[in-house]
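Fold and geometry: a report
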Amino acid sequence: MLNLREIHKPTTLAEALKLLQRPGTVALAGGTALNAASPDDVTAVVDLSALDLAYIRESSGAIAIGATTKLVELVASPILRAMANGVVSQAAHRSTSSILRNQASVAGTLISEPDGVLAVALLALDAHVTIVRKESRTHSLADFLAMCEHLLMMALVTEVTLPITNPHASLHTVARTPSNKPIVSVVASTQILRSAQNDNVAHNVRIALGGVGETAVRTSAAEKILEAQSLNDVLIEKAASVAAEGLSPVGDFRGSAEYRKEMTVVLARRAVKELVA
Ligand SMILES: Cc1cc2nc3c(=O)[nH]c(=O)nc-3n(C[C@H](O)[C@H](O)[C@H](O)COP(=O)(O)OP(=O)(O)OC[C@H]3O[C@@H](n4cnc5c(N)ncnc54)[C@H](O)[C@@H]3O)c2cc1C
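Residues numbered from 1 in each chain as written. Predicted model: local features only at pLDDT ≥ 70, side-chain atom pairs only at ≥ 80, totals over all residues.

Strand pairing in a sheet relies on backbone hydrogen bonds. The paired strands run either parallel or antiparallel. Spatially, β4-β5-β8-β6-β7 is the arrangement adopted by the five strands of the open sheet, whose pairing is antiparallel. Each edge of the open sheet carries a strand with a single partner, namely β4 (56-59) and β7 (136-140). Neighbour-to-neighbour, the strand axes of the sheet open up by a mean angle of 30 degrees, direction not taken into account. Sheet strands in contact with helix α9 (residues 141-151) are β6 (128-132) and β7, and its direction is about 125 degrees off that of β7. (Pairing = 2+ DSSP bridges. Helix = DSSP H or I, 4+ residues; strand = E, 2+ residues; numbered from the N terminus. Axes fitted to C-alpha atoms, helices over the stretch in contact; angles between N-to-C directions. Contact = placed C-beta atoms within 7 Å.)

This is the structure:
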């Protein structure tokens with residue numbers, strides 16, 4: 001950041017928000033995306049590390065993850081590893097390399113990688129994001145991802161929350177190597193309940209996709225086919241076949257648009273099959 005003149009390290013949220021009102025001032029969490037992007041118009045940064053926003057805890061029926069919590073802490077957290085088959089911890093692990101996981105924060109990752117595997121896992125688990133400007137507001141992650149730039153004008157993400165419903169969940173990705181950033185990722189989640197006929201019926205089916213658009217998205221067409229059904233191979237095949245419907249991914253050197261759509265079908269099939277298993 002060639003024009004950087006000031007680094008502030010406030011100890012209160014009020015102080016941080018006041019500093020962010022100044023022109024050319026942005027929030028700094030792990031700094032990995034910000035330093036790599038090195039924007040010319042940034043003249044001051046507000047280091048969030050003294051705001052006490054690094055935590056993972058259970059409170060009021062939810063799991064609360066502080067905005068500056070590092071990815072490495074998500075990977076290791078016993079709370080997250082025990083929830084929804086540990087897909088949030090797995091997603092944090094697959095997000096990026098170990099060096100960056102030690103530095104990158106949960107909020108910084110959602111903001112800089114809105115179609116990344118962490119956003120996908122949190123979307124599948126119905127996460128919400130709390131943003132503070134003059135007052136504190138909580139948005140669904142889908143709304144946050146869609147309106148991130150607008151919502152974050154002179155504002156801060158303080159927390160990400162997950163309902164403690166502990167669904168079955170599974171995560172599948174495809175990448176050039178296991179430690180590489182996923183090209184396409186899919187996370188499926190559902191509550192399996194026993195019906196009066198003794199069938200295992202899937203409720204609240206959520207299938208989130210990454211690497212196929214600007215942000216993580218859900219595939220409502222596939223979800224509808226599976227909702228309130230006893231899952232079997234025929235149904236899973238039908239749902240997987242429509243998982244890429246309506247998507248217009250942009251291809252790049254890691255995977256063409258066609259490859260991304262094809263992988264969406266393959267990974268959705270695998271993810272839902274694993275839910276049944
Ligand atoms: C060399 C390199 C390789 C990478 N490889 C991968 C990869 O393989 N896979 C992958 O997914 N990603 C990769 N990344 C991106 C990486 O995931 C991000 O750099 C990281 O997650 C950003 O987190 P951070 O905490 O460092 O954010 P920062 O860089 O601190 O911030 C990122 C953005 O979010 C804003 N921000 C941060 N916290 C808040 C908050 N609480 N409230 C409001 N705004 C906030 C900042 O102002 C900034 O605009 C790579 C990055 C680098 C530099």
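For strand β2 (residues 25-28) and strand β3 (residues 44-47), the ladder comprises four bridges, and the chain directions are parallel. Residue pairing in the sheet places L28 in a bridge with D47 of β3.

So, about the domain arrangement of the chain. The domain boundaries assigned to the chain delineate domain 1 (6-47), domain 2 (56-163) and domain 3 (169-276). Centre-to-centre, using C-alpha coordinates, domain 2 lies 20 Å away from domain 3. Tallying the contact residues gives 21 residues for domain 2 and 22 residues for domain 3. The set of elements that each furnish at least two residues to the side of domain 2 that touches domain 3 consists of α5 (87-95), α8 (117-124) and α9. Counting residues per element, the side of domain 2 that touches domain 3 draws most heavily on α8, at six residues. Taken together, the residues of the side of domain 2 that touches domain 3 break down into 13 nonpolar, five polar and three charged. (Domains from an automatic or database assignment. Nonpolar A, V, L, I, M, F, W, Y, C, P; charged D, E, K, R; others polar.)

Attention shifts here to α8. Counting buried positions over the eight residues of α8 gives eight, a clear majority of the element. By the burial criterion, the buried members of α8 are V117, L118, A119, V120, A121, L122, L123 and A124. (Buried ≥ 20, exposed ≤ 12 C-beta atoms within 10 Å, placed from the backbone.)

Take helix α12 (residues 257-276) next. Each α-helix winds once per 3.6 residues, and so residues spaced three or four apart point in a common direction. Taking 1.5 Å as the rise per residue, α12 with 20 residues should run 28 Å; its terminal C-alpha atoms sit 29 Å apart, in good agreement. Turning to α12, its buried residues number three or more, namely R260, M263, T264, V265, L267, A268, R269, A271, V272 and L275. (Expected span 1.5 Å × (residues − 1).)

Around the ligand there are 29 residues in total, and A29, G30, A33, G108 and K181 lie nearest to it. If you list the elements that add at least two residues to the shell around the ligand, you get β2, α2 (32-37), α7 (106-112) and β8 (156-163). The greatest single-element share of the shell around the ligand, amounting to five residues, is contributed by α7. Broken down by class, the residue content of the shell around the ligand amounts to 16 nonpolar, 11 polar and two charged. The residue makeup of the shell around the ligand includes at least three contributed by each of domain 1 (6-47) and domain 2 (56-163). (Near = placed C-beta within 6 Å.)

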